[in-house]
Amino acid sequence: MAEPKLAYDRLVSTLKEISLLGSIGALLEWDEQTHLPEKGFEHRANQSSMLAKMRHDWFTSAVIDDLLAEVESSSLVQDVHGDVAVNVRETRRAYDRARKIPGSLVEEMSRTAVMSQQAWAEARKKSDYKLFAPWLDKTLGLKKQEAQCVGYERNPYDALLDEFEPGETADGVRKVFAELRGPLVELVGKVAASSVKAPVEILRRSYPLAAQEKLGREASAAIGFDFQGGRLDVSVHPFCSGMGPGDTRLTTRYDEHSFDNSFFSVLHETGHGLYEQGLDPKYAGLPRGDAISLGIHESQSRLWENFVGRGKPFWKHFFPKVKSAFAQTLADVNEDAWFLAINDIGPSFIRTEADEATYNLHVLLRFELEEAMLKGDLSIADVPGAWNEKMKAYLGLTPPDAARGCLQDIHWSGGAIGYFPTYTLGNLYAAQFFEKAHEDLANLDDSFAKGDFSPLLDWLRENIHRWGKTFRPRELVKRVTGKEPSAEPLLRHLRAKAALYGVR
Ligand code: ZN
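Just so we're clear, the structure is a prediction, and the values are computed from it rather than from any experiment.

Participant: Got a sec to walk through the nonpolar core? Specific residues and values, please.
Facilitator: Judged by nonpolar contacts, the single largest core of 120 residues is most densely connected at Tyr129, Phe259, Trp304, Trp315, Trp338, Trp412 and Leu456. With eleven residues, helix 14 (residues 356–375) is the single largest residue contributor to this core. When residues no more than four places from it in sequence are discounted, the contact partners of tryptophan 412 are Phe132, Leu136, Thr139, Arg366, Leu369, Glu370, Met373, Val383, Trp387, Cys406, Ile417 and Phe420. Phe59, Ile64, Val71 and Val77 belong to the second largest nonpolar core, which has 19 residues in total.

Next up, the structure:
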């Protein structure tokens with residue numbers, strides 16, 4: 001049976017080449033966000049869309065289908081968790097999805113996204129929803145078409161969510177939020193009513209940028225980021241891009257009057273970067289060597305940012321360093337005050353600035369609105385009103401304008417509908433992984449306090465990173481923790497944080 005083996009080898013080499021095109025696109029995208037001069041955007045859009053089209057055409061060619069079919073009917077895929085079966089299964093999944101969406105729709109979506117993002121940026125700047133509404137309407141229409149092309153059993157939302165979180169459904173997400181909503185609203189309300197207030201003013205003092213940058217790099221390296229296989233640069237919106245083996249790019253932004261903004265986004269993006277650097281280079285360019293989902297990716301960033309980076313043991317090690325880096329600024333600040341300041345819990349308008357507890361309520365609101373829009377239960381004109389109603393119900397706030405309301409996120413303008421729930425799934429998974437790591441590894445807190453984060457990183461490498469797309473997200477969580485994904489670990493973690501405010 002030499003033929004299936006030959007077909008598989010050919011499939012592998014073709015996929016690796018196609019993936020090179022993808023990583024060239026990622027490099028263009030990184031450059032666009034970090035270095036591209038203002039006048040170069042149009043030319044860059046042409047470069048990027050040509051690459052994307054080449055990649056799409058190549059990937060959806062009948063050759064891939066033939067090669068897949070030959071291997072699928074062979075004994076090579078017998079071991080369902082073996083690398084051949086994983087590469088074939090996940091390539092088939094992506095291939096079928098890509099083939100179901102006509103090229104004309106792909107092209108229209110990408111053209112609309114460019115225009116719609118421009119309209120959104122303008123609308124947000126002027127805080128004028130009317131400027132964006134027609135584009136949201138158009139985007140939604142295209143996403144509905146996409147859902148129809150891809151197909152779904154119960155809910156068009158499933159077809160969109162599945163792109164970001166394979167195997168996840170709107171029902172699954174709704175169940176998660178049903179567990180979270182009540183306890184979170186209650187917890188946030190109690191913290192708001194507490195007489196204990198986080199001294200957040202500390203974080204808004206003067207933090208010279210050079211010292212911020214140095215400390216951010218030090219923290220990133222301390223938790224395990226390999227700077228010989230990566231970089232840290234500046235962009236308007238922080239992100240992480242895994243170009244391939246030995247090249248993982250992180251970005252952050254600096255504000256002299258905000259310590260937490262840059263520091264925690266460095267930890268967050270480093271968490272993403274550690275996942276990328278922990279993928280098995282042997283399978284680079286193949287599903288077996290690629291991250292499984294946005295939810296699992298976000299679990300890694302949140303784990304380092306919030307579970308490690310906002311924890312007591314971490315600051316036992318880092319507070320003296322912060323204190324000496326900003327000696328004048330922090331002359332009157334002790335570790336306890338600092339710890340409370342970086343664990344501020346309180347309702348706010350902007351999701352990306354929200355704390356760990358309120359964050360998931362921001363996501364819940366978006367999920368509910370997206371589902372209602374897709375089903376036709378919510379008209380485009382009514383989005384701002386519905387947004388504000390939910391803000392009031394969940395966080396007790398009414399946005400003063402659309403810029404701080406329904407215009408704040410870039411996602412909808414780019415067509416990323418069905419994306420938001422992956423943030424909360426990431427938080428959920430992070431909590432569950434972190435609890436399990438503590439069970440498996442004695443003295444984890446002691447090693448953090450000494451500045452040694454390698455036991456946790458090794459555990460993540462072994463249990464999560466090196467498996468690539470071998471297991472679907474929920475399956476992976478169950479294999480690693482022995483339990484179905486649940487909101488309980490996250491709620492336990494957040495209750496422990498609320499205890500800082502005397503909330504029981
Ligand atoms: Zn992230």
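Alright, that's what it looks like, and here's the rest.
Participant: Give a detailed account of the pairing of strand 2 (residues 240–244), specifying residues and quantitative values.
Facilitator: On a regular strand, each side chain points to the face opposite its neighbour's, so the side chains alternate between the two faces of the sheet. Sheet topology places strand 2 next to strand 3 (residues 247–252); four bridges connect them, and they run antiparallel. Paired with glycine 242 across the strands is threonine 248, a residue of strand 3. Once strand 2 ends, the chain turns through two residues before running back antiparallel as strand 3, passing glycine 246 with a positive phi of about 80°.

Participant: How would you sum up the coordination of the zinc ion? Please name residues and give values.
Facilitator: Donor atoms from the polypeptide that coordinate the zinc ion comprise His268 (NE2), His272 (NE2) and Glu298 (OE), at 2.1 to 2.2 Å from the metal. Written as a sequence motif, the donor residues of the zinc ion are H-x3-H-x25-E. Placement of histidine 268 in helix 10 (residues 259–278) and of glutamate 298 in helix 11 (residues 294–308) is noted, with a sequence separation of 30 residues between them. Neither residue differs from the other here; histidine 268 and glutamate 298 are each classed as buried.

Participant: Please provide a residue-by-residue account of the packing of aromatic side chains, values included.
Facilitator: How two aromatic rings sit relative to each other is given by the distance of their centres and the angle of their planes. Tallying each qualifying case throughout the model produces 29 aromatic pairs. With centroids separated by 5.0 Å and ring planes inclined at 25°, the aromatic side chains of phenylalanine 259 and phenylalanine 263 adopt a geometry described as stacked. Remark: phenylalanine 263 and phenylalanine 259 occur in helix 10; sequence separation between them is four residues, near one turn of the helix. Measuring from ring centre to ring centre gives 6.1 Å for phenylalanine 420 and tyrosine 423, while their planes differ by 50°; the resulting arrangement is tilted. Overall, tyrosine 423 belongs to the buried group, its relative accessible area being 11%.

Participant: Describe helix 16 (residues 421–440), listing the residues and the values that go with them.
Facilitator: Under the 1.5 Å per step criterion, the end-to-end length of helix 16 is 29 Å for 20 residues, consistent within 8% with the ideal 28 Å. Within helix 16, 16 of the 20 residues are buried, which leaves the element mostly enclosed by the surrounding structure.

Participant: Pulling in residues and values, what's your account of helix 9 (residues 209–222)?
Facilitator: For helix 9, which comprises 14 residues, the first-to-last C-alpha distance of 20 Å matches the rise-based estimate of 20 Å (1.5 Å per residue) to within 8%. Among all positions of helix 9, only Ala211, Gln212, Leu215, Gly216, Ala219 and Ser220 are buried. Projected onto a plane normal to the axis of helix 9, the buried residues spread over an arc of 165° and lie on a single side. What points out from helix 9, more than 90 degrees from its buried face, is the exposed set Ala210 and Lys214.

Participant: Give me unusual backbone geometry: which residues, what numbers.
Facilitator: Trans peptide bonds make up the majority, and among non-glycine residues the majority have a negative phi. With a phi angle near 50°, serine 127 is a residue other than glycine that sits in the positive phi range. By relative accessible area, which is 26% here, serine 127 ends up partly exposed.

Participant: Break down the environment of leucine 361 for me, with residues and values.
Facilitator: Looking at the secondary structure, you find leucine 361 in helix 14. Residues leucine 361 and lysine 390, spaced 29 residues apart in sequence, show a C-alpha to C-alpha distance of 9.4 Å. Leaving out residues up to four positions away in the same chain, leucine 361 has contacts with Arg181, Leu184, Val185, Val188, Tyr394 and Leu395.

Participant: Break down the pattern of salt bridges for me, citing the residues and quoting the values.
Facilitator: This structure, assessed with the given rule, holds 43 salt bridges. Between arginine 93 and aspartate 162 there is a salt bridge, with its nearest N and O atoms 2.8 Å apart. With arginine 93 in helix 4 (residues 83–100) and aspartate 162 in helix 7 (residues 156–164), the pair connects residues that are 69 residues apart, well separated along the chain. A residue is classified by how much of its surface remains accessible, and aspartate 162, at 22% relative accessible area, is partly exposed. The partner of arginine 366 in a salt bridge is aspartate 409, and the shortest N-O contact between them spans 2.6 Å. Highlighted residues: arginine 366 in helix 14 and aspartate 409 in the loop between helix 15 (383–395) and helix 16, separated in sequence by 43 residues. One salt-bridge network, held together by shared partners, links Arg154, Asp171, Arg174, Glu371 and Lys375.

Participant: Please set out the sheet that holds strand 1 (residues 230–234) residue by residue, giving values where relevant.
Facilitator: The three strands lie next to each other as 1-3-2, forming an open sheet whose pairing is mixed. Of all the strands in the sheet, just strand 1 and strand 2 have a single pairing partner and so form its edges. Taking each pair of neighbouring strands and ignoring which way they run, the sheet shows an average axis angle of 20°. Sheet analysis places strand 1 next to strand 3, joined by five bridges and oriented parallel. When the sheet's bridge partners are listed, valine 234 is paired in strand 3 with threonine 252. The sheet strands contacting helix 10 are strand 1, strand 2 and strand 3, and the helix crosses strand 3 at an angle near 165°.

Participant: If you had to explain the domain arrangement of the protein chain to someone new, which residues and values would you point to?
Facilitator: We note that the domain assignment places domain 1 (2–151) and domain 2 (170–501) within the protein chain. Once you take the C-alpha centre of each, domain 1 and domain 2 turn out to be 26 Å apart. Between domain 1 and domain 2, the residue contacts involve 36 residues of the former and 41 residues of the latter. Note on domain 1 versus domain 2: buried area summed over both sides is about 3500 Å², and carbon and sulfur give 66% of it. Contact with domain 2 buries area across many residues of domain 1, yet Trp30, Trp120 and Tyr129 alone supply 20% of it, more than any other trio. Applying the counting criterion to the domain 1 and domain 2 interface returns one salt bridge.

Participant: Describe the packing of helix 9 against helix 12 (residues 312–325), with residues and values.
Facilitator: Two numbers describe how helix 9 lies on helix 12: the axes approach to 10 Å, and their chain directions differ by 160°. In terms of axis orientation, helix 9 runs roughly antiparallel to helix 12. Handedness of the helix 9/helix 12 crossing: right-handed. On the side of helix 9, the interface is formed by Ala211, Leu215, Glu218, Ala219 and Ala222, while helix 12 contributes Phe318, Lys321, Val322 and Ala325. Partitioning the contact of helix 9 with helix 12 into residue classes produces seven nonpolar, no polar and two charged.

Each value, and the rule that gives it
Residues numbered from 1 in each chain as written. Predicted model: local features only at pLDDT ≥ 70, side-chain atom pairs only at ≥ 80, totals over all residues. Heavy atoms only, no water. Core = buried A, V, L, I, M, F, W, Y, C linked by side-chain atoms within 4.5 Å. Buried < 20%, exposed > 50% of the residue type's maximum accessible area, 1.4 Å probe, protein only. Helix = DSSP H or I, 4+ residues; strand = E, 2+ residues; numbered from the N terminus. Contact = heavy atoms within 4.5 Å. Pairing = 2+ DSSP bridges. Donors = N, O, S within 2.8 Å, 3.2 Å for Na, K, Ca; no water. Phe/Tyr/Trp six-rings, centres within 6.5 Å; stacked < 30°, edge-to-face > 60°. Expected span 1.5 Å × (residues − 1). Arc of directions from axis to C-beta. Salt bridge = Lys/Arg side-chain N within 4 Å of Asp/Glu carboxyl O. Axes fitted to C-alpha atoms, helices over the stretch in contact; angles between N-to-C directions. Domains from an automatic or database assignment. Buried area = accessible area lost by both parts, 1.4 Å probe. Parallel < 35°, antiparallel > 145°, perpendicular 65-115°, else oblique. Left-handed = near helix turned anticlockwise from the far one by under 90°. Nonpolar A, V, L, I, M, F, W, Y, C, P; charged D, E, K, R; others polar.

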